[in-house]
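# Summary of structural features
So the chains spell out like this:
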Amino acid sequence: MKIIKIYTNSFKGLSQESWMLALVMLINRAGSMVLPFLGVYMTNHLHFSIENTGIVLSFFGIGSVIGSWLGGFITDKIGEYKVQYMSLLLSVPLFCLIPVFKTEIGVASIILLQSIVSDTFRPANSVAITKYAKPENITRAFSLNRMAVNLGFSIGPALGGILSAISYNFLFYSNALAALLAGILYISFFYKRNKLAKIKITKVKEAIEVRKENSPYRDGKFLIYCFFCLLFSMCFFQLFSTLTIFYKDVAKLSQENIGYILGYSGFLIVLLEMGFVQIAEKYFNLAFTMLLGTFICGFSYAMMAFDYSILGLIISMTLLCIGEIWTLPFMSTITAKRSGQNNKGAYMGLNGISFSAAFIITPYLGTLLAEKFGFNALWIGTGVLATIIAVAFYFIVPWMIDDKKEEA
């Protein structure tokens, strides 16, 4: 009963807007069948080599970096409302165009463009979460949004595994439809609310002197923090590239079973995230939460070097989900705490770049290391690197947050 009470209490106090942002994200991510299967699509369907597949996947990361920077920049200029709906609606035709391209250059080009457009959404969405959430509920609002992402992710890949066995084109068209529905819902709900929020912000700016705030690109401590976020992302985001290839080629799982395991991960996060975040907020500080979450993620990868039976893979994925819960939403909270009132978009954009850059490095580096040294060396190396990152977070987070409190 105590566990149930903690879980139900974790949802209390969240605003209507926070729930709607999560619903929009759920619809959008329910169509997220493309990314986990891009590597398999290129190797099995288009017959690209593993190395060339890694290079093409890196263009997703390049586009993500550009999109994160651009999204953060224009969010501070024109507001998060316009950036979000334009990103969703422009994604629709781009998803439909992906299956038209069959060569490495063609696929890389369309993935680059689609990634730029899609990832302008992320910093704008993060700013919207901080805008509509109560200050004491920011981490839980981020967690609710991530829970929606993972609920969509549990539906998308599971369905994607089935559909890809019939035709890969279904993956791209389903993503396009989901982006369209999410865009329509977002505009219909937030159109009036955005107007009211703009009026309120204008009155506040007229009432107080607006202090000029520093750029995150000149914030040395935050840059160090983002560097370690990049390293963590390089470890974690193998989930979307090398891990699915490992499942297919080494563990000998079918596409349907790959989809089921990825779907299980999303379902588990939906089930556990809000409660686990509540526990971390109540019993841990930010530094220890980041230490624990990062270490567990690394351990989950390292154990696959010694056991990749179906039971071992499920245990590994379970640990990865728990580590993710105690890392990713708190990264966004730390970024929000470090930023000012008028540069949240830029801060969220720069932190988003640290994740996006991992999509450039991880697919190529991961596939290269797996090809040269084997997957066992890759998983053990990931575990060692994640342990170093965990210790770094433990010291960096209080160093950065306490400094910000003193400034305030």
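Anything mentioned here points back to the structure above.
Residues numbered from 1 in each chain as written. Predicted model: local features only at pLDDT ≥ 70, side-chain atom pairs only at ≥ 80, totals over all residues. Heavy atoms only, no water.

Looking now at the packing of helix 10 (residues 220-236) against helix 16 (residues 344-373). Between two packed helices, the angle of one axis relative to the other and the distance separating the axes together describe the packing. The interhelical angle for the contact between helix 10 and helix 16, taken along N-to-C directions, is 35°, at an axis separation of 8 Å. Crossing of helix 10 against helix 16: the hand is right-handed. Between helix 10, through F222, L223, Y225, C226, C229, L230, S233 and M234, and helix 16, the contact on the second element is made entirely by Y347, L350, N351, S354, F355, A357, A358, I361, T362 and L365. Among the residues forming the contact of helix 10 with helix 16, the class breakdown is 14 nonpolar, four polar and no charged. (Axes fitted to C-alpha atoms, helices over the stretch in contact; angles between N-to-C directions. Helix = DSSP H or I, 4+ residues; strand = E, 2+ residues; numbered from the N terminus. Left-handed = near helix turned anticlockwise from the far one by under 90°. Contact = heavy atoms within 4.5 Å. Nonpolar A, V, L, I, M, F, W, Y, C, P; charged D, E, K, R; others polar.)

A rise of 1.5 Å per residue sets the reference length of helix 7 (residues 121-132), with its 12 residues, at 16 Å; its end C-alpha atoms lie 16 Å apart and thus fit the reference within 8%. Of all 12 residues in helix 7, 10 are buried, a share of seventy percent or more. Of all the positions in helix 7, only F121, P123, A124, N125, S126, V127, A128, I129, T130 and Y132 are classed as buried. (Expected span 1.5 Å × (residues − 1). Buried < 20%, exposed > 50% of the residue type's maximum accessible area, 1.4 Å probe, protein only.)

Attention shifts here to the pattern of salt bridges. What the rule picks out here adds up to four salt bridges. Between D119 and R122 there is a salt bridge, with its nearest N and O atoms 2.6 Å apart. Relative accessible area serves as the criterion here: at 7%, D119 is assigned to the buried category. Here D219 ties to R338 by a salt bridge, and the two come within 2.9 Å at their closest N and O atoms. A residue pair is termed long-range when its members are at least 10 positions apart, and D219 in the loop between helix 9 (169-207) and helix 10 and R338 in helix 15 (residues 328-338) qualify at 119 residues. Under the relative-accessibility criterion, D219 is labelled buried at 11%. The class for R338 is buried, based on a relative accessible area of 3%. (Salt bridge = Lys/Arg side-chain N within 4 Å of Asp/Glu carboxyl O.)

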